[in-house]
Amino acid sequence: MTSNNSTSIQDIHTAINTVNDPEYPGISIVDLGLLENIEINTAYEVLVELIPTFSGCPALGVIAQDIEEVVRGVPGVKKVDVQWLNTPVWTVDRITAKAKEDLAENFTVAVQINERVECPRCKSMTDKKSHFGPSRCRSIHLCRNCREVIEVLRD
Amino acid sequence: MNDSVLTPPVKEYLLAFADDEHLMGQQHTEWIGVAPFLEEDMAFASIGQDELGHALMLYTLILECPSGIDTYVFNRKSEEWRSCQLVESTHRRWEEALIRHWCYDMAEDLRWELFSDSSLPELISISERALKEETYHRRHAEALVENLLMVPDSKLRLMNALEVVVPQVLGLFSPIPGEEEAISCGVVSGKYSDLLPIWRTRLEERFGVLDSGLFIQADNENRTQRHSDFDYLFGRIREVFLLDPKAVW
């Protein structure tokens, strides 16, 4: 099904890269590791395969809709099909270094790589206060030094 | 896709799991805004969200038509549901809701593991995802219960709640319509009811040996009859949907 037309796949990738997480404006869903695969056939029908952070994430519908819209806008594309995959399972390892920096800088959000989570503001250690935070993919930590409340993205 | 294995009995079998997950998720979300403290409010919301996600994955597999799920789920007659009474009954006491959460999630991973070698590849991947999410559910239920059992008044409340909830859990483990067909075609590796002893061991390791009277299989619950609280719950579920059944969400 995949064509050799790499330019088109690149165009579609570029378009998808403009779709941001609904809760983090400016952070691309590609950098969050949600994009798994793009396919395009000779009839210019596009299949976009995505991985949800969690199966019950309420943002899935909005994200799929946004992607469909931007891919439809790529010249030559005739049809778009966006699918959420059950495998592989999303982990925070899929988040790019750039997205981690932007999350820390613009949202005071840390990413849980291991048990030690640093404060995005002052780089001091934080303590977990609640495993469950404002959404399914976030815990709440507190910085020992600056007392900032930190949202921590986790898998 | 999978036409050979997804026969009507197998679909009915999977529907029981989807309906359990859906209603358990709904029950948890009923505590949003009214749970005894903020962390529990968020925990129940997140855990409920996972269960709804699991239900959605199963409904998608059964229906093979994602766009028709809302119509199917929200317009079904009560006799077409295959949920068990544990997830249909309303528990307004917090300790009963917590004990149900503990009991249900200590039984749920056992149920997903039955699909780890399924003849339906989609079920293998769905169960892998669900099992990962479930580890947090058990950890949460365990941590909270462990701490509360150290407080005499809390312990008394939890033990009383067990007397209400444990008999309902037996219904969760009762034979599931379509189960034999699902086993014979390799969709699932065994009977869920065979795993009841494992669950009981977990229960009694946590709470001590309980009155054996609690484990007498009550009526002949077979998932075709609804609990008297079902209509209330279903009303809550459909409340917004019925405002405009044709709306696209």
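1. Some remarks on the overall build of chain A
If you tally the helices and strands in chain A, you get three helices and nine strands. Scanning chain A from its N terminus toward the C terminus, one meets helices and strands in the order α-β-β-β-β-α-β-α-β-β-β-β. C-alpha atoms of chain A, sized along the principal axes, occupy 60 × 25 × 20 Å. Across chain A, every contact between residues at least 6 apart in sequence was considered, and the portion connecting residues at least 24 apart equals 54%.

2. A few points about the packing of helix 2 (residues 38-63) of chain B against helix 6 (residues 121-148) of chain B
Residues and elements named next belong to chain B. Two elements in contact, helix 2 and helix 6, have axes separated by 11 Å at closest approach and are oriented at 165°. For the element pair helix 2 / helix 6, the angle class is roughly antiparallel. Taken as a pair, helix 2 and helix 6 cross one another with a handedness that is left-handed. In contact with A43, I47, D50, H54, M57, L58 and L61 of helix 2, helix 6 contributes E122, I126, A130, E133, H137 and H140. Here the contact of helix 2 with helix 6 is built from residues that sort into seven nonpolar, three polar and three charged.

3. Brief notes about the sheet that holds strand 4 (residues 45-50) of chain A
Residues and elements named next belong to chain A. A sheet is described by the order of its strands in space; here three strands give the open sequence 3-4-5, paired in mixed fashion. Both edges of this open sheet fall to strand 3 (35-40) and strand 5 (79-84), since each of them pairs with a single strand only. Across the sheet, the axes of successive neighbouring strands diverge by a mean angle of 15°, strand direction being ignored. Two strands pair when backbone bridges link them, and strand 4 and strand 5 are joined in this way by six bridges, in the parallel orientation. The residue bridging V46 from the neighbouring strand is V80, located in strand 5. Running over the sheet, helix 2 (residues 60-72) touches strand 4 and strand 5 and is turned about 155° from strand 5.

4. Quick notes on the domain arrangement of chain A
Interfaces are often sized by the accessible area lost when the parts come together. Residue and element names in this part refer to chain A. The domain architecture assigned to chain A consists of domain 1 (6-84) and domain 2 (92-153). Placing a centre on the C-alpha atoms of domain 1 and another on those of domain 2 gives a separation of 26 Å. Taken residue by residue, the interface counts 10 residues in domain 1 and 11 residues in domain 2. Of the residues in the side of domain 1 that touches domain 2, the class split is five nonpolar, four polar and one charged.

5. Observations concerning unusual backbone geometry
Residues and elements named next belong to chain A. Look at the link from T87 to P88: it is a cis peptide, with omega at -10°. Within the secondary structure, P88 sits in the loop between strand 5 and helix 3 (97-107). Even without being glycine, Y44 reaches a positive phi, approximately 60°. Tracing the backbone through its elements, the reader meets Y44 in the loop between strand 3 and strand 4. Of note, T108 is a non-glycine position whose phi angle comes to about 50°, a positive value. In this fold, T108 is placed in the loop between helix 3 and strand 6 (109-111).

6. Points about the pairing of strand 2 (residues 24-28) of chain A
Residue and element names in this part refer to chain A. Here strand 1 (residues 20-21) pairs with strand 2 via two bridges, running antiparallel. Counterpart to D21 in the pairing with strand 2 is Y24. What sits between the antiparallel neighbours strand 1 and strand 2 is a turn of two residues.

7. Describing the environment of L56(B)
For L56(B), the location among the structural elements is in helix 2. A count of 21 C-beta atoms within 10 Å places L56(B) in the buried class.

8. A look at the interface of chain B and chain A
With 20 residues of chain B at the interface, the matching set in chain A holds 11 residues. If you list the elements that add at least two residues to the side of chain B that touches chain A, you get helix 2 and helix 6 of chain B. Among the elements that take part in the side of chain B that touches chain A, helix 2 of chain B stands out by supplying 11 residues, more than any other.

Definitions and cut-offs
Residues numbered from 1 in each chain as written. Chains lettered and ligands numbered in written order. Predicted model: local features only at pLDDT ≥ 70, side-chain atom pairs only at ≥ 80, totals over all residues. Helix = DSSP H or I, 4+ residues; strand = E, 2+ residues; numbered from the N terminus. Contact = placed C-beta atoms within 7 Å. Axes fitted to C-alpha atoms, helices over the stretch in contact; angles between N-to-C directions. Parallel < 35°, antiparallel > 145°, perpendicular 65-115°, else oblique. Left-handed = near helix turned anticlockwise from the far one by under 90°. Nonpolar A, V, L, I, M, F, W, Y, C, P; charged D, E, K, R; others polar. Pairing = 2+ DSSP bridges. Domains from an automatic or database assignment. Buried ≥ 20, exposed ≤ 12 C-beta atoms within 10 Å, placed from the backbone.

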